[in-house]
Structure formats: C-alpha cells, structure tokens
Amino acid sequence: MRVRRSLPALVGALAIGFGMSLASSAAAEPAAVKDPCGYFATASDAYYNHCTSDGSHIVIEIDDWGPNSERCVGPGVTWIGSSSDVSGAWYTGRLC
C-alpha cells in the first residue's frame with residue numbers, strides 16, 4: 001500500500017524537475033545563438049562581433065564587392081554593411 005501512494009508523488013516530482021531543466025536550457029540558448037563571435041549576417045545586414053573583455057580594437061578585413069576593405073572595430077557588434085554586399089569578414093591579426 002505504501003508504494004502505491006508514494007509512486008505518483010515520485011513521478012510528479014521527476015516530471016516537474018525534468019520540465020524545469022528543459023525550460024532553463026531553452027531560455028539560455030537563444031542568447032548564445034543571437035550574436036556569435038566574428039562575422040554573421042541576417043537577411044538584410046552583415047555584422048562583426050568582436051568578443052573581448054579587454055576593450056581592444058582590432059582591424060578586420062571585409063570581403064565586399066571589388067577589392068576587400070579594412071575597418072577598425074571595437075568590442076561588441078558592429079554593422080559592416082548590407083548582407084547582399086558583404087560575403088564575409090575576419091580578424092587580420094592587427095590592433096588599431
């Protein structure tokens with residue numbers, strides 16, 4: 001008799017714990033996906049996200065129409081152009 005009464009409570013506790021762990025992992029995931037480090041593009045815009053905590057400014061090379069261009073970017077996300085004009089960007093290894 002004792003097993004019959006405690007089994008529903010155990011199943012309920014496991015279901016609540018499992019549901020809470022799924023909710024917390026789902027909430028944490030979009031932030032990481034939203035702004036990846038380096039080059040990324042949306043349907044209309046191209047960006048470069050310089051992920052740093054030291055405040056450095058770096059030179060990136062932008063693959064756009066014609067000869068590639070360079071730009072100095074600081075920490076965080078920088079708009080680098082229209083996604084139809086930019087096909088990539090990367091760190092050149094130099095500070096600015």
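A. Seen up close, the state of the cysteines. Under the definition given, this model contains two disulfides. At a sulfur-sulfur separation of 2.0 Å, the disulfide partner of Cys 37 is Cys 51. The chirality of the disulfide connecting Cys 37 with Cys 51 is left-handed, given an S-S dihedral of about -110°. On the criterion of sequence distance, the pair formed by Cys 37 in the loop between α1 (2–34) and β1 (38–41) and Cys 51 in the loop between β2 (45–50) and β3 (58–64) is long-range, its members being 14 residues apart. The residue that forms a disulfide with Cys 72 is Cys 96, at a sulfur-sulfur distance of 1.9 Å. Looking along the S-S bond of the Cys 72-Cys 96 disulfide, the torsion reads about 80°, which is the right-handed sense. On the criterion of sequence distance, the pair formed by Cys 72 in strand β4 (residues 69–73) and Cys 96 in the segment after β6 (86–95) is long-range, its members being 24 residues apart. We classify Cys 72 as partly exposed; its relative accessible area is 41%.

B. Representation of the pattern of salt bridges. Applying the stated criterion across every chain, the model contains one salt bridge. The partner of Arg 94 in a salt bridge is Glu 70, with the nearest N and O atoms 2.7 Å apart. Residue Arg 94 is found in strand β6, and its partner Glu 70 is found in strand β4; the two are separated by 24 residues along the sequence. Classification of Glu 70 by relative accessible area gives partly exposed; the value is 47%.

C. Highlighting the sheet that holds β2. Read from one edge of the open sheet, three strands run β1-β2-β5, paired in antiparallel fashion. Since the sheet does not close on itself, it has two edges, and those belong to β1 and β5 (76–82), each with one partner. Ignoring which end each strand starts from, the neighbouring axes of this sheet average 25° apart. Examined bridge by bridge, β2 and β5 share six bridges and lie antiparallel to one another. Residue pairing for β5: Asp 45 is matched across the bridge by Ser 82.

D. Molecular detail of the nonpolar core. Among the nonpolar cores identified, the biggest contains nine residues, and these are Ala 46, Tyr 48, Ile 58, Ile 60, Ile 62, Val 73, Ile 80, Val 86 and Ala 89. Elements with a contribution of two residues or more to this core: β2, β3 and β6. Contacts of Ile 60, omitting those with residues within four sequence positions, involve Tyr 48, Ser 69, Glu 70, Arg 71, Val 73, Ile 80, Ala 89, Trp 90, Tyr 91 and Thr 92.

Basis of the calculations
Numbering of residues starts from 1 in each chain and follows the order in which that chain's sequence is written. Local features are withheld for residues below a pLDDT of 70 in this predicted model, meaning they are given only at 70 or higher, and side-chain atom pairs are given and counted only at 80 or more; totals for whole chains, interfaces and linings count all residues. Side-chain numbers here rest on the full set of heavy atoms in the structure, without hydrogens or water. Two cysteine sulfur atoms make up a disulfide if the distance between them is within 2.5 Å. Here a strand is any run of E in DSSP of at least two residues, a helix any run of H or I of at least four, and the numbering for each starts at the N terminus. Only protein chains enter the calculation, and the probe is 1.4 Å; a residue is then buried if its accessible area is under 20% of its type maximum, exposed if over 50%, and partly exposed in between. The salt bridge criterion pairs a side-chain nitrogen of Lys or Arg with a carboxyl oxygen of Asp or Glu, the two atoms within 4 Å. Should DSSP find at least two bridges between two strands, the strands are regarded as paired. Between N-to-C directions, angles cover 0 to 180 degrees, with each direction set by a line fitted to C-alpha atoms, over the stretch in contact for helices. Throughout, nonpolar core names a set of buried Ala, Val, Leu, Ile, Met, Phe, Trp, Tyr and Cys residues whose side chains join them through atoms within 4.5 Å. The criterion used for residue contact is that any of the two residues' heavy atoms lie within 4.5 Å.

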